[in-house]
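Listed here are the chains, written in short residue letters.
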Amino acid sequence: MTILNEIEFLEPKEIIPHEEPSIEKLNALISKIKNDGFINHPILTTKIKNKIIILDGTHRFFALKNLNVKFIPIQLVNYHKKRIKLSSWAWQFNVNEEFKNFLKTFDLKITYEIRMPKNYEILIKSKETFLVKFSDKFKFLSFLNEIKNLNYERVLREQLIEGIIFPKLNHNFFLFLAKNNLKIPSGITRFKVQNRILYLKVPLNVLNDEKLIFEFKEHLKNRKFRIYEESVLVFEE
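The rules we used
- All residue numbers here refer to positions counted from 1 along the written sequence of the relevant chain.
- Per-residue local features of the predicted model are confined to residues with pLDDT of at least 70, and side-chain atom pairs are confined, for both listing and counting, to 80 or more; whole-chain, interface and lining totals are unaffected and use all residues.
- Hydrogens and water are ignored here; the side-chain numbers use all heavy atoms of the structure.
- Secondary structure follows DSSP: runs of H or I at least 4 residues long count as helices, runs of E at least 2 residues long count as strands, and numbering of each begins at the N terminus.
- Note that the radius of gyration is over C-alpha atoms, with the globule rule given as 2.2 Å times the number of residues to the power 0.38.
- Categorising residues by exposure relies on relative accessible area from a 1.4 Å probe, with only protein chains included: less than 20% of the type maximum marks a residue as buried, more than 50% marks it as exposed, and the intermediate range marks it as partly exposed.
- The contact criterion used throughout is that any non-hydrogen atoms of two residues lie within 4.5 Å.
- All accessibility values rest on the Shrake-Rupley procedure with a 1.4 Å probe; residue burial counts only the protein chains present in the view.
- Positive residues here are Lys and Arg, negative ones are Asp and Glu, while His and the chain termini are left out of the count.
- Charge coordinates come from a single atom per side chain, which is NZ of Lys, CZ of Arg, CG of Asp or CD of Glu.
- The salt bridge definition used is simple: a Lys or Arg side-chain nitrogen within 4 Å of an Asp or Glu carboxyl oxygen.
- To be clear, the arc concerns the directions from the helix axis to the C-beta atoms.
- Contacts described as polar in this section are N or O atom pairs within 3.5 Å, which, within protein, must combine one atom able to donate a hydrogen with one able to accept it, while residues neighboring in sequence count only if both atoms come from side chains.
- Aromatic contacts are taken between Phe, Tyr and Trp rings whose centres are within 6.5 Å, Trp giving its six-membered ring; a plane angle under 30 degrees counts as stacked, one over 60 as edge-to-face, and the others as tilted.
- Remark: a charge is flagged as sitting over a ring if the NZ atom of Lys or the CZ atom of Arg is within 6 Å of the ring centre and within 35 degrees of the ring normal.

## Quick word on the overall build of the chain
Counting secondary structure elements, the chain contains six helices and 17 strands. Here the chain has a C-alpha radius of gyration of 19 Å; the compact-globule value for 237 residues is 18 Å, and the two agree. The principal-axis extents of the C-alpha atoms in the chain amount to approximately 60 × 35 × 35 Å. Burial statistics for the chain: of 237 residues in total, 44% are counted as buried. Partitioning the contacts of the chain with sequence separation of at least 6, the portion at a separation of at least 24 is 76%. With the model as given, the accessible surface of the chain reaches about 14,100 Å², and the carbon-plus-sulfur share is 48%. Positive and negative charge centroids in the chain, built from 40 and 28 side chains respectively, lie 4 Å apart.

What follows is the structure in C-alpha cells.
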C-alpha cells in the first residue's frame, strides 16, 4: 500500500526538528521507551526544499537520539498533496498585568481587532481581547522563546478562555528555522494529517541494525491495519 511506503528509517542527522523539547516531558519519554523496549509511533515529517522537517514527534525524536539509536523511524508525508492542514495550539494561563508589561518590552503593535492571528501575530484573550503584531519574524521568534517557561495548559484554539492563540505558521517559516538552525518551543504548531500511521511499535534493537530494519519492513506488509475515514475521539492516558 502507498501509505506504508511513507515509512522510512533515517539517521538522526538527516532529520530537522523545528521545536525545542520540554526537558521534563523528554526525560519521562526516554524512561518509557527504555522500559517498553520499542517506539510506538513514527516521527511525522515532510520534505521542504530537500530538508526533512519534523511536523510532530519532537520529543520522540530527541528521546531516540538520547538513546543513541542509529536510525529513526519516520513517516514522510508529501507537503504538496493537501494531506497536511496547518493549525496551531492555544496556551491557557492567567493574563495578568505582569505579562502585559512584559509584552511592552517587544517591538510590536497592539490593536483591538477580534480575528484569528496571521503570521507573526498572536491573539491575547483576557478581560479585554487584543491582537499583537510583531514587527518581523525575528522579534516574533524572540518572544516565543521568552515565554517557553510559562505555566500554561495547551488547549485547542476554540477551547481557550484566557491566554494566547498562536498563528498558523507556514512552510516558509519552518524553512527559515531549518536554514538558521533555530527552534521554537513545543506546543505551538499543530498539523492535521490524513492517513497518519500510528502504533508501528518498532523494537529498539531494530533501530541499530539495517538487516533487522529490512526484515521489519517486510513483516510490515503482512500486518493488519485499519484506516479511519471519520473523525475519532481518543481519551488521553
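## What to know about the pattern of salt bridges
One pass over the full model with this rule turns up 12 salt bridges. Where Asp36 meets Lys32, a salt bridge forms, and the shortest distance between an N and an O atom there is 2.6 Å. Placement of both Asp36 and Lys32 in helix H1 (residues 23–36) is noted, with a separation of four residues, approximately one turn of the helix. Among the ionic pairs, Glu128 bridges to Lys100, the shortest N-O distance being 3.8 Å. Of this pair, Glu128 sits in the loop between strand S11 (121–125) and strand S12 (130–134) while Lys100 is found in helix H3 (residues 97–103), placing the two residues 28 residues apart along the sequence. With a relative accessible area of 36%, Glu128 lands in the partly exposed category. On the basis of relative accessibility, which here comes to 17%, the residue Lys100 falls in the buried class. In this structure, a network of salt bridges that share partners links the residues Glu113, Arg115, Glu121 and Lys133.

## A closer look at helix H4 (residues 137–146)
Every buried residue belonging to H4 is among Phe140, Leu141, Phe143 and Leu144, and all of these are buried. What you see down the axis of H4 is that its buried residues fit within an arc of 160 degrees, all on one side. For H4, the exposed residues lying more than 90 degrees away from the buried face are Phe138 and Glu146. For H4, the elements touching its buried residues are H3, S11, S12, strand S14 (163–165), helix H5 (171–179) and strand S15 (184–185). The opening residue of H4 is Asp136, an N-cap whose side-chain oxygen sits 2.9 Å from the backbone nitrogen of Phe138.

## Notes on the packing of aromatic side chains
Two aromatic rings are characterised by how far apart their centres lie and by the angle between their planes. In total, this model carries 19 aromatic pairs according to the counting rule given. Taken together, the ring pairs in this structure connect Phe93, Phe99, Phe102, Phe106, Tyr120, Phe134, Phe138, Phe140, Phe143, Phe173 and Phe176 into an aromatic cluster. Over the ring of Phe176 we find Lys137; its NZ or CZ atom is 4.5 Å from the centre of that ring. The positively charged end of Arg190 is found above the aromatic ring belonging to Trp89, 4.9 Å away from the centroid.

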